[in-house]
Amino acid sequence: GAGVSQTPSNKVTEKGKYVELRCDPISGHTALYWYRQSLGQGPEFLIYFQGTGAADDSGLPNDRFFAVRPEGSVSTLKIQRTERGDSAVYLCASRSLGDRGLRFNYGYTFGSGTRLTVV
Amino acid sequence: AQRVTQPEKLLSVFKGAPVELKCNYSYSGSPELFWYVQYSRQRLQLLLRHISRESIKGFTADLNKGETSFHLKKPFAQEEDSAMYYCALSPLSGSRLTFGEGTQLTVNP
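Described below are features of the structure shown in this document.

Reading the values: rules and limits
Residues numbered from 1 in each chain as written. Chains lettered and ligands numbered in written order. Predicted model: local features only at pLDDT ≥ 70, side-chain atom pairs only at ≥ 80, totals over all residues. Heavy atoms only, no water. Pairing = 2+ DSSP bridges. Helix = DSSP H or I, 4+ residues; strand = E, 2+ residues; numbered from the N terminus. Axes fitted to C-alpha atoms, helices over the stretch in contact; angles between N-to-C directions. Salt bridge = Lys/Arg side-chain N within 4 Å of Asp/Glu carboxyl O. Buried < 20%, exposed > 50% of the residue type's maximum accessible area, 1.4 Å probe, protein only.

## A word on the sheet that holds strand β7 (residues 65-68) of chain A
All names here are of chain A. Here four strands make up an open sheet; going across it, the order is β1-β3-β8-β7 and the pairing antiparallel. Looking at the sheet topology across the chains shown, the edges are occupied by β1 (5-7) and β7. Neighbour-to-neighbour, the strand axes of this sheet turn through a mean angle of 15°, independent of strand direction. Relative to strand β8 (residues 75-79), β7 is paired through four bridges, and the arrangement is antiparallel. If you follow F66 over to β8, its bridge partner there is K78.

Structure below.
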């Protein structure tokens, strides 16, 4: 597609439930990133994929959070036993590896985000 | 550790007035600095980055390594500049972005 697509755009879930958030990056972009943005805060890094593997998952807050990218394109962020504090906008971004040599972070394209509300 | 500070959460100016959005950073190496903008109901998008030394929509930002600052400036603000602005940092050797908390700019008619 023309941009980074995230689904669903909104998700309301009950405390303790499991949720999956999906990111469909720009075709051909090898790098994919997940960020979390709480109300009144800037985006906070969660995890970064290069191809199928997680190159940096140091931002995941705890073991309830997990992300996969099995075929190197679509990624799913999974949250187990959701808590009210998980409520936030979850942003996905992708970038072409080819840009890295020219402009280090040039070419980051963000999706519109998934607004997760845990009630 | 890397950190980005935007001291002003809200900034309000009149149309035609100069505007400066402040950004300070801390990082032990040589970072790459960016400004991202989010207009109402739109996704986050790159405004400019220090490495390209360009002017976008009349905005400029100069990296001051001595003061560890990367303030965003525009000499004559327009109403369409009203948006949330985020300063961000990345290590030259890495790719994760660290964002500041953002400044909500309102340009009044």
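## Some details on the pattern of salt bridges
One pass over the full model with this rule turns up nine salt bridges over all chains. For K9 of chain B, the salt bridge identified is with E101 of chain B, shortest N-O distance 3.2 Å. Here the residue K9 of chain B occupies a position in the loop between β1 (3-5) and β2 (10-14), and E101 of chain B occupies one in the loop between β10 (98-99) and β11 (103-108), the gap between them amounting to 92 residues. A residue is classified by how much of its surface remains accessible, and K9 of chain B, at 43% relative accessible area, is partly exposed. When its relative accessible area of 37% is taken as the criterion, E101 of chain B is described as partly exposed. Here D81 of chain B and K74 of chain B are joined by a salt bridge, their closest N and O atoms 2.8 Å apart. Each member of the pair, D81 of chain B together with K74 of chain B, is buried. One salt-bridge network, held together by shared partners, links R64, E83 and D86 of chain A.

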